[in-house]
Amino acid sequence: MPVPLTAVVDLDLPGPTISRHVYGHFAEHLGRCIYGGFWVGEDADVPNVRGIRTDVVEALRALHIPNLRWPGGCFADDYHWRDGIGPREQRPRMVNSHWGDVVEDNSFGTHEFMDLCELLGAEPYVSGNVGSGSVREMSEWIEYLTRADDSPMAALRRENGRDEPWKVPFWGIGNEAWGCGGNLRAEQFASLARQYSTYVREHAGNEVYRIAAGASDHDLHWTETLMRSFDPLDTSDGRAAPFQAVSLHYYTMTGPWSDKGWATDFTTDEWYVALARAAYMEELLDRHGAVMDRYDPRKRVGLVVDEWGTWWNVEKGTNPGFLYQQNTLRDALVASRHLDAFHRHADRVVMANIAQTVNVLQAMLLTDPETGALVRTPSYHVFEMNVGHHDAAALDVHLKGDVPAREVDGKRLQLFSASASTTGETALLSLSNLDADEPLTLVLDLRGREVTGHEARVLTAPELNAHNTPESPDAVAPVAFDGVRPHALGLEVELPAHSYATVRLTLA
Ligand code: AHR
């Protein structure tokens, strides 16, 4: 009789903290993410709070979004923050040349973004303009946001109706500087990152974590050049300076950029290709992490994956510049596979931001442009099922036995992925069965602590491309999972094919 796959978890050996910030999100002035997604304006028929959609805020609050990155993306390096303050009807217009070449009226600006963050309970991550902005512009923006006294920018903020300074803990120094952020060479950008970071000042006790625009995919040279450009050990207060983190962007698609594959219309082979490309994130974290370790063995500099997720061909009939795509069970498993990788690299990966929150790329929520109806995507449910990992201590999961696998893109794709964490009183296990057709029997060998109870949920659907629509909003939604049974070693789990499950343990 074949021995079932066994996952050994030492519940009494907590590892590094999984920062809640790896569950961060990203909202760009792109398509219907800000306009129509978050922002409808105060006069809209859609229920709103000061112009921000009530249903979107309510849905996202269940995810406990820890931080929100804004205003881009590529848009950030075209954005001049002073255009987005003051009376809305007087704000200048601009062209959003990256995304649909549409005219942006700047009605959603700094105050609206900070209001959104407060409604969501999320910390703001402002992405500053290096590509077409100036050092002075960036310096004045953070002064405007965070200064308490009567400095020129604090006074301007008050004129615009906000007395108290805000807290802005995260600041991006440019975005994709190798591409839309200026087409710079790594050496050139490394010098600029040092310079711009210097002027992102800490006012009124606002501690800022500065994130230099990092590499794409496997561009290790970019990471190495940034890491070489400063001495992470040469700090005044234990923090690396002049910036504290470098970023990494990586998107999952099944074809080349010219034909990235379709969100809902895919073959079983493409199911596996997508999951193999998602698993590649693990390799990227290892490789960029190894470069960072050479310069920063004490891991003072964070790796921030501030853009990740699926990028499919846009839905037929939609604006190609708006990046609107459906989101299926496959996207959910792409998400769970990435989140496992982030959990396993908790010692270096301090933040991550899926792209993007509403109506763009691998969104949490889709809104109907005609009726305004809101739909939670399968990816949303993975984020909701994983809330228990936020700021919990990572637990290693050792797999014993034959892990089902297949060859994809000339490499071995493991068809099961798991990660775990503990808060002390509880533990949360995340289990992904990536096999399109076969269920999986798994023994959970739970050691080191007494388990007094468990509850489990599962996310799956009959079809690989199952997705949610206004007519069928819960086609893919988590349900209580009865496939978990007691076992001499702990528990035995019968994971359905193509499913994601979480098991929450109560510890004595
Ligand atoms: O998320 C969409 C775009 O992808 C971002 O604007 C850019 O940074 C990346 O290329």
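Residues numbered from 1 in each chain as written. Predicted model: local features only at pLDDT ≥ 70, side-chain atom pairs only at ≥ 80, totals over all residues. Heavy atoms only, no water.

## Topic: the domain arrangement of the chain
Right, on to step 1. If you check the domain split of the chain, you get domain 1 (5-11 + 394-507) and domain 2 (20-390).
Right, on to step 2. Its C-alpha centre places domain 1 at a distance of 29 Å from the equivalent point of domain 2.
Right, on to step 3. If you look at the interface, domain 1 gives 43 residues, while domain 2 gives 38 residues.
Right, on to step 4. When residues of domain 1 are sorted by the area they lose upon contact with domain 2, L434, L464 and Y500 head the list and together hold 17% of the total.
Right, on to step 5. The interface formed by domain 1 and domain 2 contains 4 salt bridges.
Right, on to step 6. D409 serves as the salt-bridge partner of R277, at 2.9 Å between the closest nitrogen and oxygen.
Right, on to step 7. The interface formed by domain 1 and domain 2 contains 21 residue pairs in polar contact (both at pLDDT 80 or more).
Right, on to step 8. Listing elements by their share of the side of domain 1 that touches domain 2, those giving two or more residues are β18 (405-408), β19 (411-414), β20 (416-422), β21 (426-433), β23 (451-459) and β27 (499-507). (Domains from an automatic or database assignment. Contact = heavy atoms within 4.5 Å. Buried area = accessible area lost by both parts, 1.4 Å probe. Salt bridge = Lys/Arg side-chain N within 4 Å of Asp/Glu carboxyl O. Polar contact = N/O pair within 3.5 Å; in protein donor to acceptor, adjacent residues only side chain to side chain. Helix = DSSP H or I, 4+ residues; strand = E, 2+ residues; numbered from the N terminus.)

## So, the sheet that holds strand β26 (residues 490-495)
Strand pairs in the sheet, formed through backbone hydrogen bonds, run parallel or antiparallel to each other.
Right, on to step 1. Overall, mixed pairing links the 5 strands, which are arranged β17-β1-β22-β26-β25 in an open sheet. Of all strands in the sheet, those bounded by a partner on one side alone are β17 (397-400) and β25 (484-487). With strand direction ignored, the average angle separating the axes of adjacent strands in the sheet is 25°.
Right, on to step 2. The sheet contact formed by strand β1 (residues 5-10) and β17 spans 4 bridges and is antiparallel. Bridge assignment links T6 to a residue of β17, and that residue is K400. (Pairing = 2+ DSSP bridges. Axes fitted to C-alpha atoms, helices over the stretch in contact; angles between N-to-C directions.)

## Thoughts on the site of the ligand
Right, on to step 1. Close to the ligand lie 13 residues; E28, C74, E176, Y251 and E307 are nearest.
Right, on to step 2. Here an oxygen atom of the ligand sits 2.8 Å away from a polar atom, N or O, in the main chain of C74.
Right, on to step 3. The contact in question runs from an oxygen atom of the ligand to an N or O atom on the side chain of Q356, over 3.0 Å.
Right, on to step 4. Relative to its unbound accessible area of 280 Å², the ligand is 94% covered by the protein chains.
Right, on to step 5. In this structure the site holding the ligand corresponds to the largest pocket. (Near = heavy atom within 4 Å. Areas by Shrake-Rupley, 256 points an atom, 1.4 Å probe, with all protein chains shown as cover. 1 Å grid on protein atoms, 1.4 Å probe; cavity = no way out; pocket = protein on both sides within 12 Å on 5 of 7 lines; lining within 4 Å. Sits in = over half its atoms within 2 Å of the grid points.)

## So, the pattern of salt bridges
Right, on to step 1. All chains considered together, the criterion is met by 30 salt bridges.
Right, on to step 2. A salt bridge links D163 to R158, with the nearest nitrogen and oxygen atoms 2.7 Å apart.
Right, on to step 3. Relative accessible area serves as the criterion here: at 28%, R158 is assigned to the partly exposed category.
Right, on to step 4. A salt bridge links D445 to R447; the nearest nitrogen and oxygen atoms lie 2.9 Å apart.
Right, on to step 5. You can call D445 buried: its relative accessible area is 5%.
Right, on to step 6. Residue R447 is classed as partly exposed on the basis of its relative accessible area, which comes to 36%. (Buried < 20%, exposed > 50% of the residue type's maximum accessible area, 1.4 Å probe, protein only.)

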